[in-house]
Each structure stands twice: as C-alpha cells, then as structure tokens.
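# Analysis of the macromolecular model
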Amino acid sequence: MSCQFLSSSGTAIKLPRKKVMSMNVIGCSTSPIPNPVLRPELSIRVGTRLIPHPKKADKGGEDAFFVSGYNGGVMAVADGVSGWAEKDVDPAQFSRELMRRASSLVDDEEVNYDPRILVRKAHAATSSTGSATVIVSMLDNNGILKIANVGDCGLRVIRKGQIIFSTFPQEHYFDCPYQLSSETVSQTYLDATVTSIDIVKGDIIVMGSDGLFDNVFDHEIVSTIKEHKDVAETAKVLADLAYKHSVDFYFDSPFSIEARNRPLLSSPSSCLSLFPQPLLVYSRNSGRGVGIGRRRSLYDRYVVDKCQQGLDVPWWKKALGQKLTGGKMDDITVIIGEVISKCLPQVAKNHG
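Reading the values: rules and limits
- Residues numbered from 1 in each chain as written.
- Predicted model: local features only at pLDDT ≥ 70, side-chain atom pairs only at ≥ 80, totals over all residues.
- Heavy atoms only, no water.
- Salt bridge = Lys/Arg side-chain N within 4 Å of Asp/Glu carboxyl O.
- Helix = DSSP H or I, 4+ residues; strand = E, 2+ residues; numbered from the N terminus.
- Buried < 20%, exposed > 50% of the residue type's maximum accessible area, 1.4 Å probe, protein only.
- Core = buried A, V, L, I, M, F, W, Y, C linked by side-chain atoms within 4.5 Å.
- Contact = heavy atoms within 4.5 Å.

### Here we look at the pattern of salt bridges
Scanning the entire structure with this criterion turns up 14 salt bridges. Salt-bridge contacts for Glu338 lead to Arg45; the nearest nitrogen and oxygen are separated by 2.4 Å. Residue Glu338 is found in strand S17 (residues 332–347), and its partner Arg45 is found in strand S3 (residues 36–51); the two are separated by 293 residues along the sequence. Each member of the pair, Glu338 together with Arg45, is buried. Between Lys121 and Glu110 there is a salt bridge, and its shortest N-O distance comes to 3.2 Å. One end of the pair, Lys121, is in helix H2 (residues 115–125); the other, Glu110, is in the loop between helix H1 (91–105) and H2, with 11 residues separating them in the sequence. The class for Lys121 is buried, based on a relative accessible area of 19%. Note on Glu110: relative accessible area 48%, which makes it partly exposed. Sharing partners across several salt bridges, the network here consists of Asp108, Glu110, Arg120 and Lys121.

### Describing the nonpolar core
Ranked by internal contacts, the top residues of the largest apolar core, which has 26 residues, are Phe66, Val74, Leu98, Met99, Leu118, Val134 and Val136. Going through the elements one at a time, strand S4 (63–68), strand S5 (74–80), H1, H2, strand S6 (131–139) and strand S7 (144–150) are the ones with two or more residues in this core. Ranked by residue count, the leading element in this core is H1, at 5 residues. When residues no more than four places from it in sequence are discounted, the contact partners of Val74 are Phe66, Val67, Ser68, Val106, Tyr113, Val136, Ser137 and Met138. Formed by 22 residues, the second largest nonpolar core is a distinct cluster that contains Ile44, Leu145, Phe165 and Met207.

So, in structure tokens, the structure goes:
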C-alpha cells in the first residue's frame, strides 16, 4: 500500500504506508464474523488545493503538504521561507523534504502518534538548506485531534456552522514567524504549540498556510463550508477566494488590518527590547543550545524581515502613516478534512 506526498508542484510521490487516505466515504461492509457489533471509529475525508504565488508558479511555489490515512488520519502543511532565494537557495526544497520525512515517519514506533515528536524527527532528518513554518494534525480513532504548530500556518475546527477551535500564529514580531531551519535557529519542536481537541462526526477541519488565513476571514471560511459539501470542491473554492483577495489591491484583508494595528518599532532602542538577553539558539546538528551576544538594531530587524519573509507590504509605509490595504500575495495551501465514521466489526461478547 502507499500514500501520496503532494508537493507544491502538484507532483505525487508514492511513499510506503500501511493505509491509504480515501477520497470516498468509508462505509460498513458485511462481515463474516458471527453476531458482529459495529464499533464506530472516526477518520477524515480530505480535499486539497494549492495555488502558488503568481511569481513562483513556474516552480510550483514553496508550500508543501501531505495527507495520510494512517490511524484516524494525518494532515500537515509546511511553508518554505522565501528569503532563502536571496542566498541562491530554493526555499521549496526544505519544506518539501520536511514533509517527505514526516510522511515516512507517521507510523514510527518512537513517534507514537505524537505530532510534536513527528516534527522533531522529521526536522532532524531533513538535510536541505532552508527553513519553514509547519503544522501537523493527527486524529486518533477515539476522536482526539492532536496538533503541533510552529509558526503561522493555521487550523480551524468548525462544528455546526461555528468555529469551535482556532490556532494562533507564533511570531517574533509582525510577519516574522517562528520557523524550523537547517541553520542555528531559535525554534525547535519544543517551541511548538501543542493542542488536543475532542472531535465528533461532522466536524470540518480547515488547515492551511498563511496564504489562506492572511487573505480570507474566518466568517468567509464558515460561509464557504456551509455552501459546499464536497471537501475537494470546498478546498478549491477557498483557495480560489484567497487568491482573488491576494491580488486585489483594494481588498481590506486580514493581513492589511493586522499590519495597521500592530505597533511599529520606531527606534533602535525599542528594537533592542526584543532581545534584552543574549539569544539562546539551537543547533539541529549538535542538539545543544548556542549563545550569541549580538543584539539586532532597527536596520537589522528590517534586513531580517526582508530575508526571512520577503514582505509584500514594506514596513516603512506604515512608518509614513500610509493606510495599508490589499491582500498578501503568497503561496496558498488549503486542506479540508471532514470527520466521518467508519464501522469496524467486533465479535459480540456473551455475558450470560
């Protein structure tokens, strides 16, 4: 059996896997077991869509993701940090390899179906140069959704037309998210926000890169799900909507609203307050913390912003008091998961 790893280029690479995520409803079939009792378990029916940044379409963008039917279902998204292109490094290589490694480890005994451990092992196994934000969700058969998130990819759980759970971005400052890296970095699996939530049949899980959530409001996500029942169609409609907003200069997007509301660091001294102590950073190869004493100036912050994230809206526009509007052009990854039940036959026990 195999599962598919879907890269940002849309190419499917078959990887060994015990179970396959089916796009069809998993139904209950007749069992030869005498007096079967149907025991409901939960799994996920998935639809996906990826639209690359308009300027990166020829390369397929820098997002990557995978879905797997192992256990109740595994979904993951990684968003490659675009600034590496300025160093002649393809940002997509790190995110794609990270997802390949994670996909191959979902049934690893040491991972033990723990998304944070999956992030740790996948990160340690990734040899490409670069960095990425990442989110992983794993549904067990008993209806517990486990989530590990590093950075600004996101997840929503929608039940009966209302959002009952939402992740929040991890950022050093505006548009500079936490990220896993090939280099000496300040984030590891230990920095992941880890959450567990009870899931029931009929819940809708919406996962995506920041290209979705920076351009589409939560109420638009909810209304789209109400209007479209097929998961593949829903993923396409949401991705298309995010793309439409991202290239609309006049659309007042979630990203532009946050840009106007977030405080700007106006002096080197205020920037220094971000790093009052020497930074303790982590080397993936050595597994040890390494201290560095140099603090960043305001100019350094600007360079880091540009190199790490490739801002589409320059921060100096805010400094000049201009009104920021418009969407944020970016790679857009959308995964829609509908929680369904699968019925497994069990032999009825005689307690007489």
